[in-house]
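Commentary on secondary and tertiary structure
These are the residues of each chain, in order.
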Amino acid sequence: MASPIPPPHYSHSSTKPYPQNRNNYQTHYHYHLQNPRQTLHRPWSPPSSSSHNLTLSRGPSRSPNAAKPTTLPPRPISNPSFTTSCSYSPLPSQTQSELSSHFSGRRSTRFVSKMHFGRPKSAALASRHTSIAEEALHQLAMRLSCSSSSSDDGDDNHVERVLVDFEPKLCGTDDYTFLLRELGNRGECSAAMRCFQFAIRRERRRNEQGKLASAMISVLGRLGKVDLAKKVFDTAIKDGYGSTVYAYSALISAYAKSGCCDDAIKVFETMKASGLKPNLVTYNALIDACGKGGADFNLASAIFDEMLKKGFQPDRITYNSLLAVCGGAGLWDTALNLFNEMVHRGIAQDIYTYNTLLDAACNGGHLDVAFEIMADMPAKNLLPNEVTYSILIRGCAKAGRLDNALSLFNEMKFAGVKLDRVSYNTLLAIYASLGRFEEALSIGHEMESMGFKKDVVTYNALLDGYGKQGEYEKVKELFQEMKAERFVPNLLTYSTLISVYSKGGLYREAMEVYKEFKMGGLKADVVFYSKLIDALCKKGLVESSVLLLEEMTEKGIRPNVVTYNSIINAFGATGECSTDGAGGSGKSGSLVESPQSVVLRDAVRSRIEHTDGDRIIRIFEELAAGNSCHSKKDKRFRQEILCVLGVFQKMHELKIKPNVVTFSAILTACSRCSSFYEASLLLEELRLFDNQVYGVAHGLLMGHSENVWLQAASLFDEVRRMDSATASAFYNALTDVLWHFGQRRGAQLVVLEGKRRHVWENTWSDFCLDLHLMSSGAARAMVHAWLLNIRSIVFEGHELPKLLSILTGWGKHSKVVGDGTLKRAIEGLLGGLGAPFRVAECNIGRFISTGAMVASWLRESGTLSVLILHDDRTPTQTAYLPQLHTVPL
């Protein structure tokens with residue numbers, strides 16, 4: 001069935017391609033990612049000189065029927081975790097589909113389409129207006145320019161006079177819609193509304209009035225004036241000219257551009273209830289709303305399924321919008337399959353398609369694959385543009401690969417790609433986050449010299465950068481400067497400031513900023529609450545974080561997995577049990593007394609129910625007054641575990657899917673428990689979330705290392721697909737819980753597997769062991785393995801280097817500089833082993849020893865016995881899981 005063509009007045013510009021580099025090149029190739037292990041990025045080049053691992057093959061690979069040119073393979077879109085053409089080692093069939101979605105990375109609050117404003121308009125749209133309309137636009141622009149440069153505030157009068165002068169010559173709706181669209185492109189919202197009202201009053205035909213209303217709603221949507229767009233729509237419905245498929249589609253698109261997915265769906269349902277049949281434009285706008293509103297992919301897939309059942313064939317806009325949904329959710333596997341299906345249907349890809357695919361790869365943690373895709377773009381007659389580079393640069397910055405990000409900027413300039421405002425702000429943010437403020441300010445000056453004035457994004461980057469470095473006075477100074485320059489702080493500004501002050505313990509300053517935020521009439525969103533909750537969690541304030549989680553759900557703001565991960569990860573972070581805890585006795589410990597647990601549950605509930613006034617202000621007041629500290633560690637620990645169990649309960653109720661960060665947080669929380677009995681409470685939640693991860697963790701903890709290792713290998717294959725920071729966090733967490741409960745040999749097996757898979761880069765050499773990126777348990781297990789390796793070198797008759805080093809870092813984020821947690825753990829371990837290492841005078845985070853002294857120590861008769869690790873825990877009875885009352889959220 002042919003796709004219905006929208007009238008010339010309607011433009012669903014949110015999914016049009018970015019300015020095209022040369023031609024629209026249609027291709028019938030798709031990706032096979034041959035090797036998930038990647039190399040460092042190199043500048044892209046044509047295929048003749050490229051050595052990247054991305055190879056091409058004809059035809060789709062998803063179906064055995066792919067060879068039949070007239071038959072499309074079954075479309076596996078309804079399940080975002082279907083398999084791909086990637087040659088990763090497969091998981092057991094029972095768990096493959098589950099883990100694919102669980103290990104899909106984090107959600108992003110950024111949308112690629114926001115960087116695509118200003119795309120060229122369709123030639124068909126431009127050809128319908130007359131030259132008189134262009135002359136009228138010129139006069140309007142001159143009048144508006146003169147008005148803005150003088151003290152005259154009569155913009156509406158200027159618009160009215162010009163329109164009255166040109167009214168006899170203007171050729172109906174086509175000319176007026178041209179004026180509306182062009183005034184909107186210039187940001188002249190008030191003038192566009194005046195022009196619309198003028199045209200509506202003079203037009204008597206309902207059909208033409210409907211076209212004008214659709215055009216006006218579309219313009220307001222592009223300008224982000226969704227409330228005003230809704231008023232225009234409501235007036236049009238009331239006056240009898242707004243009940244058209246195009247007016248409804250325009251309003252859905254307006255909600256999409258503002259990320260209001262729920263509102264867009266309500267309009268869609270109202271449209272169908274009124275008897276109007278959606279067209280392809282409507283469905284595309286609705287899918288686009290799912291992408292910008294952070295909706296679950298299943299919702300977008302259901303809309304797509306309905307569209308197909310109605311007989312509409314998807315086009316490039318459809319697939320681009322679906323890819324954007326995948327990008328926001330980090331669903332790389334699904335995005336790759338959508339791209340392949342798009343190719344198989346013969347739908348040409350454009351620069352926007354590739355940029356969105358790149359965004360999905362970056363958000364899914366597949367940075368090096370993203371580099372390969374960019375390197376392959378010239379073969380498709382598409383050259384990377386400023387958006388392409390911005391996506392990869394932001395991806396590198398997010399993954400902590402800042403050197404790669406800076407290299408990309410240099411490559412961008414070398415390739416002749418001009419930096420845009422987004423690029424400059426991203427570069428400035430990277431330098432600021434590194435604490436290189438002179439270079440950040442230099443970039444700001446260069447940005448202004450190129451015609452891009454500093455904006456709110458620029459200030460937000462500087463505020464965040466100075467905040468991370470603890471430069472709180474500079475943060476205050478910048479915030480005042482920002483307001484003096486008449487930049488209106490936005491939601492991100494306030495959430496950044498509150499987060500910065502909270503992490504620095506400046507709760508009164510955080511409270512004042514929050515009060516200013518409330519006075520400004522801004523509405524908090526999931527990002528605002530997540531940043532605030534994360535800041536409190538970093539201070540170990542789990543109970544306060546749970547109170548805020550309760551508040552955001554009461555306000556109808558749906559938490560995401562990042563919000564929950566912060567709370568889980570904060571469990572037991574302050575006042576932890578002994579890091580060398582010999583738990584595993586199986587005793588119930590402090591959590592057995594269920595009457596006390598009930599009392600604690602009721603106390604927390606009472607605190608939730610009787611918080612007066614604004615809950616955030618109340619929390620900050622308590623923190624500023626120093627009333628947040630608990631007198632007894634045991635009592636705090638019991639309250640925290642009740643809160644965390646309540647968090648798990650809410651995740652299950654809301655069907656929040658965990659990711660690998662969630663699993664890491666649960667395992668880390670287990671390592672902070674004082675007994676295996678307490679840890680079993682958290683492990684049970686892990687079992688409910690993902691049985692394979694639970695099976696590996698529980699099996700290793702119970703001493704079934706040999707039986708469980710095959711299952712662990714397939715799990716590690718999945719983790720291998722994550723970015724390096726996420727993968728190393730999972731290995732660290734798993735190793736910590738094993739070490740904490742006495743499974744030392746199991747912990748060593750895990751870290752050696754991580755070393756083999758290059759989870760920690762540059763960790764091991766014959767003369768140096770770098771433990772910077774490792775947790776306490778992982779580092780200690782690695783020290784034992786490294787020293788055993790050094791011992792084998794000695795007994796093979798080889799001479800050791802003159803100097804041996806173990807790097808731990810000096811704990812620059814610790815309360816006492818030079819007294820980091822990792823450094824203390826390794827110092828205690830080396831002392832317990834009797835190893836002849838001492839702290840270097842020139843580097844307080846480095847332990848050194850001469851090769852001769854180490855060799856002599858390794859030859860001693862008792863050294864081998866202390867270096868070989870053993871599992872202290874053997875398989876025992878599996879005690880039932882205690883039925884603790886969770887804190888209701």
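Look a little higher up for the structure.
The model shown is predicted, which means the values in this text are computed figures rather than measured ones. (Residues numbered from 1 in each chain as written. Predicted model: local features only at pLDDT ≥ 70, side-chain atom pairs only at ≥ 80, totals over all residues. Heavy atoms only, no water.)

What to know about the overall build of the protein
What counts here: Runs of H or I in DSSP of at least four residues are treated as helices and runs of E of at least two as strands, each being numbered from the N terminus. For the exposure calls, accessible area comes from a 1.4 Å probe over protein chains only, and a residue counts as buried if that area is under 20% of its type's maximum, exposed if over 50%, partly exposed in between. Contacts are assigned to residue pairs that have any heavy atoms within 4.5 Å of one another. Note on areas: Shrake-Rupley with a 1.4 Å probe; residue coverage comes only from the protein chains shown.
Counting its regular elements, the protein contains 40 helices and six strands. Evaluated residue by residue, the protein yields a buried proportion of 55% over its 889 residues. Contacts spanning at least 24 positions in sequence make up 72% of the contacts within the protein whose residues lie at least 6 apart. Per element, the accessible surface of the protein, about 37,900 Å² overall, is 51% carbon and sulfur.

Some remarks on the side chain of His129
Filter applied, for reference: Definition of a polar contact: a pair of N or O atoms within 3.5 Å, with one able to donate and the other able to accept a hydrogen when the atoms are protein atoms, and with sequence-neighbouring residues admitted only if both atoms are side-chain atoms.
With respect to the helices, strands and loops of the structure, His129 is situated in the loop between helix H2 (123-126) and helix H3 (131-149). Using a relative accessible area of 13% as the deciding quantity, one classes His129 as buried. A polar side-chain atom of His129 sits 2.8 Å from a polar atom in the side chain of Glu134. When neighbours within four sequence positions are excluded, His129 is seen to be in contact with Glu134, Asp174, Asp175 and Phe178.

Some details on the packing of helix H23 (residues 491-503) against helix H24 (residues 507-519)
The axes of two packed helices give the description: the angle between them and the distance between them. Rules: Angles shown run from 0 to 180 degrees and are taken between the N-to-C directions of axes, each axis being a line fitted to C-alpha atoms and, for helices, limited to the stretch in contact. Our angle categories are set so that under 35 degrees counts as roughly parallel, over 145 as roughly antiparallel, 65 to 115 as roughly perpendicular, and the remainder as oblique. Less than a right angle of anticlockwise turn of the near helix away from the far helix marks a crossing as left-handed, whereas a clockwise turn marks it as right-handed. Classes in brief: Ala, Val, Leu, Ile, Met, Phe, Trp, Tyr, Cys and Pro nonpolar; Asp, Glu, Lys and Arg charged; the others, Gly included, polar.
Where H23 meets H24, the axes come as close as 8 Å, and the angle between the chain directions of the two elements is 165 degrees. Classified by the interaxial angle, the pair formed by H23 and H24 is roughly antiparallel. H23 and H24 meet at a crossing whose hand is left-handed. Together, Leu491, Tyr494, Leu497, Ile498, Tyr501 and Ser502 of H23 and Tyr507, Glu509, Ala510, Val513, Tyr514, Glu516 and Phe517 of H24 make up the contact between the two elements. Across the contact of H23 with H24, the residue classes break down as 10 nonpolar, one polar and two charged.

A short note on the environment of Leu804
The residue Leu804 is located in strand E4 (residues 803-807) in this model. With relative accessibility at 0%, the residue Leu804 sits in the buried group. Along the chain, Leu804 and Leu769 lie 35 residues apart, while their C-alpha atoms are 8.4 Å from each other. Apart from residues no more than four positions distant in its own chain, Leu804 is found in contact with Asp766, Phe767, Trp786, Phe837, Phe847, Ile848, Ser849, Gly851 and Val854.

Description of the state of the cysteines
Note the following rule: Criterion for a disulfide: a pair of cysteine sulfur atoms at a distance within 2.5 Å.
Counted according to the given criterion, the structure contains zero disulfides. Sulfur of Cys670: no disulfide; nearest cysteine sulfur belongs to Cys673 and is 5.6 Å away.

A few points about the pairing of strand E6 (residues 846-850)
Applied cut-off: Two strands qualify as a pair provided DSSP detects at least 2 bridges between them.
Pairing analysis gives five bridges linking E4 to E6, with the strands arranged antiparallel. Directly across from Ile806, in E6, lies its bridge partner Phe847. Bridge count between strand E5 (residues 838-839) and E6: two bridges; the pairing is antiparallel. Counterpart to Val839 in the pairing with E6 is Phe847. Hairpin remark: E5 followed by E6, antiparallel, with six residues in the connecting loop.

Section: the sheet that holds E5
Here four strands make up an open sheet; going across it, the order is E3-E4-E6-E5 and the pairing mixed. Each edge of the open sheet is held by one strand with a lone partner, namely strand E3 (768-770) and E5. Relative to E4, E3 is paired through three bridges, and the arrangement is parallel. Paired with Asp770 across the two strands is Leu807, which belongs to E4. Helix H38 (residues 821-833) contacts E4, E5 and E6 of the sheet and is inclined by roughly 30 degrees relative to E6. Strand contacts of helix H39 (residues 851-859): E4 and E6, with the helix running at about 80 degrees to E6, the strand carrying the most contacts.

Focus on the pattern of salt bridges
To be explicit about the condition: Each reported salt bridge corresponds to a side-chain nitrogen of Lys or Arg within 4 Å of a carboxyl oxygen of Asp or Glu.
In the structure shown here, the tally under the stated rule is 31 salt bridges. One salt bridge in this structure joins Asp350 and Arg316, with 3.1 Å as the shortest N-O distance. Residue Asp350 is found in the loop between helix H14 (332-344) and helix H15 (351-363), and its partner Arg316 is found in helix H13 (residues 316-329); the two are separated by 34 residues along the sequence. With relative accessibility at 0%, the residue Asp350 sits in the buried group. Connected via shared salt-bridge partners are Asp717, Glu753, Arg756 and Arg757.

So, the pairing of E4
For clarity, the cut-off: Here the term right-handed applies to a crossover when the path leading from its first strand over the helix to its second strand runs clockwise, the strands being oriented away from the viewer.
With four of five residues buried, E4 lies mostly within the body of the structure. The handedness of the E3 to E4 crossover, carried by helix H37 (residues 776-795), is right-handed.

Remarks on the nonpolar core
Our working rule: Residues belong to a common nonpolar core when they are buried Ala, Val, Leu, Ile, Met, Phe, Trp, Tyr or Cys residues joined through side-chain atoms within 4.5 Å.
Ranked by internal contacts, the top residues of the largest apolar core, which has 246 residues, are Leu179, Phe528, Leu682, Phe730, Leu734, Leu771 and Phe837. With 10 residues, the single largest contributor to this core is H37. Those residues in contact with Leu771 that sit more than four places away from it in its chain are Ala779, Met782, Val783, Ile806, Leu807, Thr808, Leu822 and Ile826.

Some thoughts on the environment of Leu223
As for its position among the elements, Leu223 is in the loop between helix H7 (206-222) and helix H8 (226-238). In this structure, the C-alpha to C-alpha distance between Leu223 and Ser258, residues 35 residues apart in sequence, is 9.3 Å. Those residues in contact with Leu223 that sit more than four places away from it in its chain are Gly184, Gly187 and Cys189.

Remarks on H13
What counts here: One less than the number of residues in a helix, times 1.5 Å, gives the span that helix is expected to have.
In this model, H13 (14 residues) spans 20 Å end to end at C-alpha, consistent with the 20 Å of a helix rising 1.5 Å per residue. The element H13 is largely enclosed, with a buried count of 12 among its 14 residues. Buried within H13 are the following residues: Thr318, Tyr319, Asn320, Ser321, Leu322, Leu323, Ala324, Val325, Cys326, Gly327, Gly328 and Ala329. A distance of 3.2 Å separates the backbone nitrogen of Ile317 from a side-chain oxygen at the start of H13, and that oxygen is part of Asp315. In the stretch just after H13, Gly330 is the one whose phi turns positive, near 70 degrees.

Quick notes on the packing of aromatic side chains
Just so we agree on the cut-off: For this analysis, a ring pair means two rings from Phe, Tyr or Trp (six-membered ring only for Trp) whose centres lie within 6.5 Å, classed as stacked if their planes differ by under 30 degrees, edge-to-face if by over 60, and tilted for the remaining angles. Put simply, a charge is over a ring when the Lys NZ or the Arg CZ is close to the ring centre, within 6 Å, and near the line of the ring normal, within 35 degrees.
In the structure shown here, the tally under the stated rule is 19 aromatic pairs. Ring centres of Tyr459 and Phe487 lie 5.6 Å apart, and the angle between their planes is 50 degrees; this geometry places the pair in the tilted category. A residue pair is termed long-range when its members are at least 10 positions apart, and Tyr459 in helix H21 (residues 456-468) and Phe487 in the loop between helix H22 (472-484) and H23 qualify at 28 residues. A relative accessible area of 23% places Phe487 in the partly exposed class. Judged by centre distance (5.9 Å) and plane angle (85 degrees), the ring pair of Phe528 and Tyr529 falls under edge-to-face. For Phe528, a relative accessible area of 2% puts it in the buried group. In this structure, Arg202 packs its charged tip against the face of Phe198, placed 3.6 Å from the ring centre. Directly above the aromatic system of Trp739 lies the positively charged group of Arg744, at a separation of 4.4 Å from the ring centroid.

Section: helix H6 (residues 189-202)
Compared with the 20 Å implied by 1.5 Å per residue over 14 residues, the 20 Å span of H6 between its first and last C-alpha is a close match. In terms of residue burial, H6 counts as a mostly covered element, since 10 of its 14 residues are buried. Turning to H6, its buried residues number three or more, namely Cys189, Ala191, Ala192, Met193, Arg194, Cys195, Phe196, Phe198, Ala199 and Ile200.

With respect to the side chain of Ser664
Within the secondary structure, Ser664 sits in helix H31 (residues 660-670). A polar side-chain atom of Ser664 sits 3.5 Å from the main-chain amide nitrogen of Phe730. Not counting residues within four places of it along the chain, the set of residues in contact with Ser664 comprises Ala729, Phe730 and Ala733.

So, the packing of H31 against helix H32 (residues 676-689)
Their axes nearest at 9 Å, the elements H31 and H32 cross at an angle of 165 degrees. Taken together, the axis directions place H31 and H32 in an arrangement best described as roughly antiparallel. Both H31 and H32 take part in a crossing whose hand is left-handed. Judged by residue contacts, Phe663, Ile666, Leu667, Ala669 and Cys670 of H31 engage Ala679, Leu682, Leu683, Leu686 and Phe689 from H32.

Observations regarding unusual backbone geometry
In this structure, Arg486 is a non-glycine residue whose phi angle is positive, near 65 degrees. In this fold, Arg486 is placed in the loop between H22 and H23. Positive phi outside glycine occurs at His758, with the angle close to 60 degrees. For His758, the location among the structural elements is in the loop between helix H36 (744-756) and E3. With a relative accessible area of 49%, His758 lands in the partly exposed category.

On their own, these measurements won't tell you what the molecule is for.
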